[in-house]
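Structure assessment
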Amino acid sequence: MLGDKFLWGGAVAAHQLEGAWNIDGKGVSVADVMTVGSPKELRKITDGIKEGYYYPNHEGIDFYHRYKEDIALFAQMGFKCLRTSIAWTRIFPKGDEELPNEAGLKFYENLFKECKKYGIEPVVTLSHFEFPYHLVTEYGGFRNKKLIDFYLNFAETCFKRYKDLVTYWMTFNEISNQINFNQDFTMFTNAGIIFSTGENREEIMYQAAHYQLVASARAVKIGKKINPDFQIGCMVSMCPIYPESSKPRDLLASQKAMQLRTYFTHVHARGYYPEYILKSWAKKGLRIEMTSEDLSALADGVVDFIGFSYYKSFTIRGRDTGDLYDYDEAQDLVKNSHLKTNAWGWQIDPEGLRYALNWLRDMYQKPLFIVENGLGALDYLEADGSINDDYRISYLREHIRQMRLAVEEDKVDLIGYTSWGPIDLISAGTGEMDKRCGFIYVDRDNKGQGTLKRIKKKSFYWYQKVIATNGQDLN
């Protein structure tokens with residue numbers, strides 16, 4: 001049985017739903033210079049705000065002005081928690097200011113109080129793809145060690161202001177995505193990095209990740225001094241990587257790929273770098289600057305829990321030759337013939353969630369928190385105004401069933417489950433609205449047209465029942 005304190009809820013990110021991109025002193029974030037894309041066309045990263053482009057995050061779903069209405073709907077579903085993020089640029093518009101923007105601080109204070117009014121626990125990510133654009137253009141993003149102090153000023157400001165409103169925090173969203181350092185989108189949104197031609201992307205990624213890991217660890221220590229009851233976690237993208245076959249080369253490729261994808265988690269949870277990653281750097285001639293003070297900070301700032309997203313699993317075929325630590329998801333992953341995919345090509349693997357929960361528990365012996373899991377799909381309004389998203393119910397039912405097995409049979413220590421995202425919002429990857437995940441439909445399309453009216457889907461009532469029965473009734 002899931003415990004009485006199990007945190008059921010939903011997960012969103014500020015830049016994907018708030019809108020109000022230049023209101024009340026907010027500065028420009030990396031999300032604000034990204035255009036709309038599609039499953040076949042990448043989002044463009046423009047040099048500032050340019051005429052003639054559509055930037056969907058500028059308006060989002062106008063949560064900034066409608067949050068009371070939306071939280072009331074979450075409360076109707078019975079949410080015990082709401083995972084969201086604080087837009088760095090609402091608090092420090094450029095990112096490097098000494099003093100914060102009071103209007104931004106006040107907005108989140110009001111938001112968290114509104115959650116508390118309904119007994120909804122805020123679960124807050126400090127940096128969720130909302131990097132200040134000024135820190136990109138002036139400092140080069142997290143390739144610059146100065147950003148540690150800028151981040152800590154932001155974190156400490158938030159910890160102090162919300163010390164009595166927020167208990168659960170996470171430092172960086174899906175930090176492990178940066179293993180895909182050849183993807184411009186990933187490095188730009190995660191670390192504010194734009195590569196120049198000829199640069200060693202891998203070395204820059206590892207250096208930036210090191211500074212982020214140090215910033216995270218130091219933030220944990222600062223937070224604990226402000227409120228010892230804080231629970232501060234990391235947030236990683238968990239994609240189990242299966243071997244394509246029992247061929248030893250495939251098994252080794254799976255093992256090495258998992259090591260590379262999860263070394264971030266290892267540093268967060270253990271407080272030191274695993275030997276395999278240090279050996280890999282030395283073998284490749286990568287020079288990662290780190291001081292003894294950095295290493296002490298990592299040891300002193302381990303996280304309390306591991307938050308993670310789970311959407312899909314991967315499958316890998318081992319290369320016949322070459323170093324397996326040269327793992328490249330664009331080249332090495334293959335289709336799993338045993339699994340179906342969604343409309344965006346993501347493999348649907350509910351049992352992979354149970355595998356992931358066991359894997360993380362066995363590796364790190366930390367409490368776990370599923371902070372993202374959901375299905376992006378095309379939803380259609382029926383003539384009577386209803387939205388019959390049985391496919392979403394089916395997806396979530398099977399994943400929650402596997403989550404229950406991990407807790408009840410495998411005895412995994414799990415804090416909670418927040419579905420992504422409980423209300424339709426802007427897709428981070430494509431900038432679309434048509435890639436819908438919510439229990440609540442928002443009348444908005446990929447061109448920014450629509451009334452923004454909120455409509456309950458069939459899944460709204462299903463999830464309401466799931467929460468009311470603490471996950472026992474999944475029918």
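In case you missed it, the structure is sitting above this.
Summarised in this report is the structure supplied together with it. (Residues numbered from 1 in each chain as written. Predicted model: local features only at pLDDT ≥ 70, side-chain atom pairs only at ≥ 80, totals over all residues. Heavy atoms only, no water.)

Our focus in this paragraph is the pairing of strand β1 (residues 7-11). Buried residues dominate β1, accounting for 5 of its 5 residues. In terms of strand pairing, β1 meets strand β12 (residues 414-420) through 5 bridges, oriented parallel. Counted as the bridge partner of G9 is T418 from β12. (Buried < 20%, exposed > 50% of the residue type's maximum accessible area, 1.4 Å probe, protein only. Helix = DSSP H or I, 4+ residues; strand = E, 2+ residues; numbered from the N terminus. Pairing = 2+ DSSP bridges.)

Here we come to unusual backbone geometry. Backbone geometry at D62 places phi at a positive 60 degrees, although glycine is not the residue there. When you line up the elements, D62 lands in the loop between α1 (14-17) and α2 (63-77). By relative accessible area, which is 18% here, D62 ends up buried.

With that settled, the discussion passes to the packing of aromatic side chains. Tallying each qualifying case throughout the model produces 37 aromatic pairs. Measuring from centroid to centroid gives 5.1 Å for F112 and Y162, while their planes differ by 90 degrees, and the two rings are edge-to-face. With F112 in helix α4 (residues 102-117) and Y162 in the loop between α6 (146-161) and β4 (168-172), the pair connects residues that are 50 residues apart, well separated along the chain. Residue F112 is classed as buried on the basis of its relative accessible area, which comes to 0%. Looking at Y162, the relative accessible area reads 0%, which means it is buried. (Phe/Tyr/Trp six-rings, centres within 6.5 Å; stacked < 30°, edge-to-face > 60°.)

To continue, consider the pattern of salt bridges. A complete count under the given rule lists 40 salt bridges for this structure. Notably, a salt bridge pairs D300 with K221, separated by 3.6 Å at the nearest N-O pair. Taken together, the residues D300 in helix α11 (residues 292-300) and K221 in helix α8 (residues 201-226) connect sequence positions 79 residues apart. Among the residues examined, D300 registers a relative accessible area of 48% and is labelled partly exposed. We note a salt bridge from K247 to D320, for which the minimum N-O separation is 3.5 Å. Here K247, found in the loop between β6 (241-243) and α9 (248-270), pairs with D320, found in the loop between β8 (314-316) and α12 (329-332); they are 73 residues apart in sequence, far enough to count as distant. A relative accessible area of 40% means that K247 is categorised as partly exposed. A network of salt bridges, in which partner residues are shared, links D379, D389, R392, D424, R436 and K457. (Salt bridge = Lys/Arg side-chain N within 4 Å of Asp/Glu carboxyl O.)

Moving on, we come to the sheet that holds strand β11 (residues 368-372). One closed barrel holds the 8 strands; their spatial order is β1-β2-β3-β4-β5-β7-β11-β12, and the pairing between them is parallel. On average, adjacent strands in this sheet sit at an angle of 25 degrees to one another, irrespective of strand direction. The pairing of β11 with β12 spans 2 bridges and is parallel. Of the residues in β12, the one forming a bridge with L368 is L414. (Axes fitted to C-alpha atoms, helices over the stretch in contact; angles between N-to-C directions.)

Okay, the environment of W344 next. Mapped onto the elements, W344 comes out in the loop between β9 (340-341) and β10 (347-348). Separated by 91 residues in the primary sequence, W344 and K435 place their C-alpha atoms 8.6 Å from one another. Ignoring sequence-local partners within four residues, the contact set of W344 consists of P39, G376, A377, L378, E432, D434 and K435. (Contact = heavy atoms within 4.5 Å.)

Before going further, it helps to spend a moment on the nonpolar core. Within the largest apolar cluster, 143 residues are counted, with the highest numbers of intra-cluster contacts made by Y162, W169, M403 and Y463. Counting residues per element, this core draws most heavily on α8, which supplies 12 residues. The contact partners of Y463, leaving out residues within four places of it in the chain, are W8, G9, M77, F79, I400, Y417, S419 and F439. (Core = buried A, V, L, I, M, F, W, Y, C linked by side-chain atoms within 4.5 Å.)

What follows is about the pairing of strand β2 (residues 81-85). Of all 5 residues making up β2, 5 are buried, and the element is well covered by its neighbours. Side chains of β2 alternate between two faces, with C81, R83 and S85 and L82 and T84 buried alike. Two strands pair when backbone bridges link them, and β1 and β2 are joined in this way by 3 bridges, in the parallel orientation. Bridge pairing links G9 to C81 in β2.

Counting through the fold element by element, F460 comes out in helix α15 (residues 458-468). Judged by its relative accessible area of 1%, F460 is buried. Counting along the chain gives 38 residues from F460 to P422, while the straight-line C-alpha distance between them is 8.6 Å. Once residues lying within four places of it in the same chain are set aside, the contact partners of F460 are L73, Q76, M77, F439 and I440.

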